[in-house]
Amino acid sequence: MTATTSHKRKRQSAGWHLQHSYLDTYGMTPADLATKLDVSPEVVEQLISGELAITAKMALKLGAALETNPELWLNLQNAHALDQVRQAELMTA
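Residues numbered from 1 in each chain as written. Predicted model: local features only at pLDDT ≥ 70, side-chain atom pairs only at ≥ 80, totals over all residues. Heavy atoms only, no water.

### Let's talk about the packing of aromatic side chains
Evaluated as defined, the whole model comprises 2 aromatic pairs. Within the aromatic cluster, the residues linked to one another by ring pairs are Y22, Y26 and W73. (Phe/Tyr/Trp six-rings, centres within 6.5 Å; stacked < 30°, edge-to-face > 60°.)

### Brief notes about the environment of H17
Position of H17 among the secondary structure elements: in helix α1 (residues 14-26). For the pair H17 and L66, spaced 49 residues apart in the sequence, the C-alpha separation amounts to 12 Å. If sequence neighbours within four positions are ignored, H17 has contacts with Q12, Y22 and L76. (Helix = DSSP H or I, 4+ residues; strand = E, 2+ residues; numbered from the N terminus. Contact = heavy atoms within 4.5 Å.)

Written out as structure tokens, the structure is:
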């Protein structure tokens, strides 16, 4: 595949990764994670759905709760945000 004919896959949101790579994999519920994060289950649901973006503070909490690097969560959030902007620009071009 050449650069001009390659197809880019849409990036999944940080919330998608949270649900599928962590909660599903480790059999956790949003309520379980909410307890670890010291937030309401609604906050976790909003993170998963993408209604709430992962902030630096939340990235630190996720990193500690899930034994991951907080930068992982910020990078996933930022990559998804950039992808959304690029897709929107393609739609208006």
